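Fold and contact review
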Amino acid sequence: MASSQNLNFSDFPDSLDIPNSNWNDADDDPQSRRHTKVGTLILEWFIIKNPLQSQNDFIREWLPWQAEYLNVILEGEQLAKGGSREQCEEAEASVQCMSCTGVHAWCGPCAVKAHMDLPFHKVQQWNGTHYQPTSLMELGFLWHIGHGGDPCPHNWSDPDPEESGYVTGEGPPNHRKSSRFHMTIVHTQGILSHEVSVCNCPGSNPSDWHLDLLRQRLFPASISKPKTAFTFDVLDHFLIDALECKTSAMSFYQKLKRFTDNAFPESIPDRYRELMRVSWLWRDLKHRKWFGFGHHTEQDPGDRGLSLFCPACPQPGLNLPADWKVQYDRDTVTRQYVVDGNFTAQHMKMNKPELDVALSDGKGIWFLRFPIRVIYNSLWIARAINAANINKSNLQSIGIGATACACHGCFVPHSVVDFQKGERYMNTDYSICNAFGYHSDSITKALVIYDVGCQWSINFRSRVKNSPSLLLPPALEITPAVGKFHLAAHKFSCFARYSLNFVKGAGHLDGEILETLWAPFNKISPTARSMTQAHRQETANKCLEEMNQAYEQLTIVLDADKVNWWELDALRAEADRGEALDIYLLKGDKAPTFHEVQLQLTKNQESPPGNVGSVAWLAEGISIEDSQDQLRSELWQLPIPMSPKQEVKISGKRQRLSVRNEKFHSNGQAFFKGLDIDGAFTPQDDPTFCGKEEDEDEDRKFWDRQVPSSSKKPWVDVEDDSEAEAGGGGVAGPSDQNMDLGEVQKRGAGP
């Protein structure tokens, strides 16, 4: 760590804020100070003594090694080990692997032998002047599918009849001619070509070759005669990229092409369509495995079987005791939902929607397509929908709507619907009714928060009664409300009737949690806009379910013993109440006081001769800042103009503060002796937060006219001259109120 005597203060940021000897309380607004004053000098002192490395410091440390790093990289592009062979002495070691760790040099056959179980590695071959890309297939690699990578014992190649004794085209008994074909393999490191040999054992069926590929962790792009396969790794990478980075299939495949040949990516085989199809199938298989349907292939997930819901919301039969009706009142076990629309998630019309194939229609969070069509027909709106599609630039849906739990933001399964013509109630009714029908048996009270809940709730029950496809649980009492953000745009009478502040059991809900969920979801909307309806639904399902999995994932990573301990504490606190509820209080060590910190620094201080008393000097600087702030506060509370007695008192405080300030800087010279600190502590305002001077003057004039003095006198109307002149006791008249702060200080506050 660098010594303080070798520090250059010009490298420190301008945010250091040691009191300036030219300080003027009139020019320093306490609201504009950018950091807490208490402890500032102590923190800055330790930064000076023990500087922390920033990003720029690390880069400066690396710069002297820049040329050396480049030389080492270039050394790796020369002939590896000077062409000396590692395993054999028969050929020149002209092959190296860019994926293996370390530096290796092989001949072609040895490279193939070393990569029998590493078929996806990228290799290069020396051409006399430099390495150029090649492939294991070009070096003679033959990938045997089955038998653990060994050749099938029942395969045979068409041999020379004179050597084998067999007639051309015939082979030994129970043997078949080797089935070899070229395949394109898509992997995380690029797109590769391989010659593949499949199994020809008795009983094997050529139509099952795609299953042999699957057992090698290769997902075939087709069932019959597959010529393209994707590794499980690359499919997992794509799903994570699409989920976290919102990467489209086109961008992901372009990246793989760049990995393969960055100079000529157009020369790489195009498997974009295959990636779209296979990734869709892979996502569906992963969902079924995660939800426990892989071990029971005869069991169908059913409606909502591939979706999660909030584990914290009350769900009879899942997270409530059998006698929950006796233990809790109806106000405690309440469903709280928030409904909202999203008009960014649009979807284009399909040319032939009747050809669309769904893998999990109605099994996730998205709606089941067949019942919603029944609702459209029953309400006689097909013609209106078609007209809306024409007006919306060939869009099948202009947005989506959803229902989620209001407390935790988990989407309710089977509650996401499309909007065809605005945010129509028929769509939201379907979403809300499906939400009420999900694990809500015997729950008789619900809260629905909707942007237009005041209008939606008027005829909601009549719409449900007149629709054969909409159902509500019996004896369900629904309380409509409006989110706190949207309620401000409603008329005044809505505040008392639909504000969450007056809903029993609503707690501190804001009713706007769906707005925060749409932001990450909208990142996949451009990609899903042109997908087929089924593909769009299942892509969106994964994104929505990922938000719901947050609570499940939190429980998984926690220590099981701690979770059990917390559950017991929660039950005990619920039963005992009183002080038992203190388990929910935040626990932490109490911050030390100013004098405790000063005492600790004094005890631990190890200063060379001449630096004794540095802690006391820092404490004095903080005390000066406290006095400055106190004087500022007094000035803001004084009337304009000040009385002579008030001016004398303020002038005396300024003089005493000026003497302390000068003494502080004089004593500080001893601690910074030998260091270049010229201009190091000059406070600089960030131009990003600074407006023009004329704007600040106008703002000050405005508030000087509108805001009364803090002397708690009655408000004075600027335009009422007679009342202003009659007011006394420190209330400013019209002429005083129109003065800016500079004039105020000239008249009453002194220099």
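Summarised in this report is the structure supplied together with it. The structure presented is a predicted model; accordingly, all values stated were derived computationally and were not measured.

With respect to the overall build of the protein
Summing up its helical and strand segments, the protein has 28 helices and 17 strands in all. Every one of the 751 residues in the protein was classed for burial, and the buried ones make up 40%. Put simply, 67% of the contacts in the protein that link residues at least 6 apart link residues at least 24 apart. Split by element, the accessible area of the protein, about 44,000 Å² in all, is 54% carbon and sulfur.

Side note on the sheet that holds strand β3 (residues 131-134)
Here we have three strands laid out as an open sheet, ordered β1-β2-β3, and antiparallel in their pairing. The open sheet terminates on both sides in strands that have one partner only, identified here as β1 (95-97) and β3. Across the sheet, the mean angle separating the axes of adjacent strands is 35 degrees when strand polarity is ignored. Note: β1 against strand β2 (residues 123-126), three bridges, orientation antiparallel. Looking across to β2, one finds that V95 is bridged to Q125.

Focus on the sheet that holds strand β7 (residues 180-187)
Hydrogen bonds between backbone groups are what pair the strands of a sheet, and the pairing can be parallel or antiparallel. Taken in spatial order, the five strands line up as β4-β8-β7-β10-β9 in an open sheet, and their pairing is mixed. Edge positions in the sheet fall to β4 (142-144) and β9 (218-220), since each has one partner strand and no second. This sheet shows a mean twist of 45 degrees between the axes of neighbouring strands, independent of strand direction. Set on the sheet, helix α8 (residues 249-260) makes contact with β7 and β8 (190-197); between it and β8 the angle comes to about 75 degrees. Strands in contact with helix α9 (residues 272-290) are β9 and β10 (228-231); relative to β9, the strand with the most contacts, it is inclined by about 115 degrees.

Re the packing of α8 against α9
Contact geometry of α8 with α9 gives a least axis separation of 10 Å together with a crossing angle of 120 degrees. When the axes of α8 and α9 are compared, the pair comes out oblique. Here α8 and α9 pass one another in a crossing that is right-handed. Together, A249, M250, F252 and Y253 of α8 and Y272, L275 and M276 of α9 make up the contact between the two elements.

With respect to the pairing of β2
Summarising the sheet, β2 and β3 pair through four bridges and their orientation is antiparallel. Paired with V123 across the two strands is T134, which belongs to β3.

Section: the packing of helix α23 (residues 614-637) against helix α24 (residues 644-671)
Orientation of α23 relative to α24, taken along the N-to-C sense of each, is 155 degrees, at an axis distance of 10 Å. One way to sum up the angle between α23 and α24 is to call them roughly antiparallel. The two elements α23 and α24 meet at a crossing, and its hand is left-handed. Side by side, α23 and α24 meet where S614, W617, E620, G621, S623, I624, S627, Q628, L631, E634 and L635 of the first sit next to I650, K653, R654, L657, R660, N661, F664, N667, G668 and F671 of the second. Here the residues of the contact of α23 with α24 sort into eight nonpolar, eight polar and five charged.

Examining the pattern of salt bridges
Across all of its chains, the model carries eleven salt bridges by this definition. The salt bridge partner of K286 is D236, with a shortest N-O separation of 3.6 Å. Remark: D236 occurs in helix α7 (residues 232-245) and K286 occurs in helix α9; sequence separation between them is 50 residues. Residue class for K286 comes out buried when judged on its relative accessible area of 15%. A relative accessible area of 25% means that D236 is categorised as partly exposed. Close ionic contact of D241 with K255 constitutes a salt bridge, the shortest N to O distance being 3.1 Å. Pair noted here: D241 is in helix α7 and K255 is in helix α8, with a separation of 14 residues, a long-range link.

Re the packing of aromatic side chains
A complete count under the given rule lists 16 aromatic pairs for this structure. Judged by centre distance (5.8 Å) and plane angle (80 degrees), the rings of W62 and Y69 are edge-to-face. Note on W62: relative accessible area 33%, which makes it partly exposed. An aromatic cluster of at least three residues, connected via ring pairs, comprises F219, F232 and W282.

Describing the state of the cysteines
Tallied over the full model, the rule gives zero disulfides. Take C100: it sits in no disulfide, and the sulfur closest to it among the cysteines is that of C97, at 3.4 Å. The cysteine C313 is free of any disulfide, with C310 supplying the nearest cysteine sulfur at 3.6 Å. Given a relative accessible area of 8%, C313 falls into the buried group.

A short note on helix α18 (residues 513-521)
Among all positions of α18, only I513, L514, L517, W518 and F521 are buried. Taken around the axis of α18, the buried residues stretch over an arc of 135 degrees, which confines them to a single face.

Section: the nonpolar core
F309, I432, F436, V448 and F460 are the most contacted members of the largest nonpolar core, which has 27 residues in total. Where this core is concerned, the elements lending two or more residues are β11 (335-342), β15 (417-419), α13 (425-436), β16 (445-450) and α15 (460-466). For this core, the element with the most residues is α13, which contributes five residues. When residues no more than four places from it in sequence are discounted, the contact partners of I432 are V339, T403, V448, W456 and F460.

Comments concerning the environment of R277
Along the chain, the position of R277 falls in helix α9. Separated by 55 residues in sequence, R277 and S222 place their C-alpha atoms 9.7 Å apart.

Considerations on the environment of W280
Looking at the secondary structure, you find W280 in helix α9. For W280 and L235, which are 45 residues apart along the polypeptide, the C-alpha to C-alpha distance reads 9.6 Å. Excluding its chain neighbours within four sequence positions, the residues that come into contact with W280 are V357, L359, T532, A534, H535 and E538.

Examining a nonpolar patch on the surface
Among the surface-exposed residues, I59, W62, L63, W65 and Y69 lie close enough to one another that they form a single nonpolar patch of about 550 Å² accessible area. Along the chain, I59 falls in helix α2 (residues 55-62). Given a relative accessible area of 46%, I59 falls into the partly exposed group.

Focus: the side chain of D340
In this fold, D340 is placed in strand β11. In this structure the side chain of D340 is engaged in a polar contact, spanning 3.2 Å, whose partner is the side chain of W518. When near neighbours in sequence (up to four residues on either side) are disregarded, D340 contacts I400, G401, A402, E423, D451, L514, E515 and W518.

Some details on the pairing of strand β14 (residues 399-405)
Successive side chains on a regular strand alternate, one facing one side of the sheet and the next facing the other. Across the seven residues that make up β14, a large majority, seven, are buried. Neither face of β14 is left uncovered, since the one carrying G399, G401, T403 and C405 and the one carrying I400, A402 and A404 both have all their residues buried.

Reading the values: rules and limits
- Residues numbered from 1 in each chain as written.
- Predicted model: local features only at pLDDT ≥ 70, side-chain atom pairs only at ≥ 80, totals over all residues.
- Heavy atoms only, no water.
- Helix = DSSP H or I, 4+ residues; strand = E, 2+ residues; numbered from the N terminus.
- Buried < 20%, exposed > 50% of the residue type's maximum accessible area, 1.4 Å probe, protein only.
- Contact = heavy atoms within 4.5 Å.
- Areas by Shrake-Rupley, 256 points an atom, 1.4 Å probe, with all protein chains shown as cover.
- Pairing = 2+ DSSP bridges.
- Axes fitted to C-alpha atoms, helices over the stretch in contact; angles between N-to-C directions.
- Parallel < 35°, antiparallel > 145°, perpendicular 65-115°, else oblique.
- Left-handed = near helix turned anticlockwise from the far one by under 90°.
- Nonpolar A, V, L, I, M, F, W, Y, C, P; charged D, E, K, R; others polar.
- Salt bridge = Lys/Arg side-chain N within 4 Å of Asp/Glu carboxyl O.
- Phe/Tyr/Trp six-rings, centres within 6.5 Å; stacked < 30°, edge-to-face > 60°.
- Disulfide = S-S within 2.5 Å.
- Arc of directions from axis to C-beta.
- Core = buried A, V, L, I, M, F, W, Y, C linked by side-chain atoms within 4.5 Å.
- Patch = residues over 30% accessible without salt bridge, like charges linked within 9 Å, V, L, I, M, F, W, Y side chains within 5 Å.
- Polar contact = N/O pair within 3.5 Å; in protein donor to acceptor, adjacent residues only side chain to side chain.

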